[in-house]
Amino acid sequence: MTKTPSKEQINNLITSALDEDIGLGDITSQSIVSPAEIYAAEVLTRGNIVLCGLDILKSVFFKLDPDVSFLDDCFSDGDNIKSNTKILGIKGKGIALLEGERVALNILQRLCGIATLTKQYVEKADPVQILDTRKTTPGLRSFEKYAVYCGGGKNHRFGLYDAVLIKDNHIKVSGGIIHAVNKVKKRHNNSIQIEVETTTLAEVREAIEAKSDIIMLDNMSIENIKKAVNIIDGRACIEVSGSISIDQLNMLSQINIDYISIGALTHSSKASDISMNFL
């Protein structure tokens, strides 16, 4: 289930980012621009993007100038925008525009980069669903997972609190997959979906014996993924994970799997090329 960042989360992010960048004030802009002067600017994308973070960008400038206005405001998060397109016009106090420019663009570029990369993976993997992971920037998980959603991906668990995923170290301390699964079932009275990470075909068979709901095939070769799919034979949902490149997606999309989880969506995406220019 996708969680849109809350107003509180957005405000906390903006407050922290502005404090980091502005501190006691933009000494360059304050020397050049009078406090009351009004200017207009436009935000442009230099590449094809999936838009994400537009309302956050607006909130940055609202915080610095409550009277700021936005012009040609015709796009929404999730929209595909072509290169050299004007995303938004802004009119407000010059100092507010200059002080907020870098923070607003940093956030927008980061989130658009994630959404744009996600779309590329989603299109290549169809009909298999693309999932994100917990490999996110500390403190920015809600924003980065929202960007994955805007790009057409699906959010995996948000944290350790909202889904069970039994990983290799859980298996080691439990003495095997069956023991680990049984411990979870006992604690939750068989009421919660259980996913198990496997790295070998033997572990896949053990996960099936344990009646796991989802089996993750982690860092397996294409050959072993196909064998694992035959072993599972529809008895559990299948997630493939582990350094999956975009070039592998066409091949994986032809195998009977349900999900592919990609850490690179959030830990290795390139920021989109977006600029803000005074008119």
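Residues numbered from 1 in each chain as written. Predicted model: local features only at pLDDT ≥ 70, side-chain atom pairs only at ≥ 80, totals over all residues. Heavy atoms only, no water.

Visitor: I tried to follow the nonpolar core on my own but got confused; where do I start?
Guide: Within soluble globular proteins, side chains that are nonpolar tend to cluster in buried spots. By size, the foremost hydrophobic cluster in this structure holds 80 residues, and its most contacted members are Ile 90, Leu 217, Ile 257 and Ile 260. The dominant element in this core, judged by the number of residues it contributes, is helix H4 (residues 94–125), at 13 residues. Those residues in contact with Leu 217, other than ones at most four positions away along the chain, are Thr 198, Val 204, Ile 225, Ala 228, Ile 232, Ile 238, Glu 239, Val 240 and Ser 241. (Core = buried A, V, L, I, M, F, W, Y, C linked by side-chain atoms within 4.5 Å. Buried < 20%, exposed > 50% of the residue type's maximum accessible area, 1.4 Å probe, protein only. Helix = DSSP H or I, 4+ residues; strand = E, 2+ residues; numbered from the N terminus. Contact = heavy atoms within 4.5 Å.)

Visitor: I would appreciate a short explanation of the side chain of Ser 174 in the present structure.
Guide: Mapped onto the fold, Ser 174 is located in helix H6 (residues 168–174). By relative accessible area, which is 16% here, Ser 174 ends up buried. At 2.8 Å, the side chain of Ser 174 and the backbone oxygen of His 170 are in polar contact. Contact partners of Ser 174, with chain neighbours within four places excluded, come to His 179, Ala 180 and Lys 183. (Polar contact = N/O pair within 3.5 Å; in protein donor to acceptor, adjacent residues only side chain to side chain.)

Visitor: Is there a simple way to explain the sheet that holds strand S8 (residues 194–198) in this structure?
Guide: Hydrogen bonding along the main chain pairs the strands of a sheet, whether they run parallel or antiparallel. Strands sit in the order S6-S11-S10-S9-S8-S7 across an open sheet of six strands; the sheet is parallel. At either end of the open sheet lies a strand with only one pairing partner, and these are strand S6 (129–131) and strand S7 (164–166). On average, adjacent strands in this sheet sit at an angle of 25 degrees to one another, irrespective of strand direction. In the sheet, S6 pairs with strand S11 (residues 259–261) via three bridges, with the strands oriented parallel. Residue Gln 129 lies in a different strand from S11, and its bridge partner there is Tyr 259. Strands in contact with helix H8 (residues 201–209) are S8 and strand S9 (214–218); relative to S8, the strand with the most contacts, it is inclined by about 165 degrees. In this fold helix H9 (residues 222–232) packs onto S9 and strand S10 (237–241), with an angle of close to 165 degrees to the strand it touches most, S9. (Pairing = 2+ DSSP bridges. Axes fitted to C-alpha atoms, helices over the stretch in contact; angles between N-to-C directions.)

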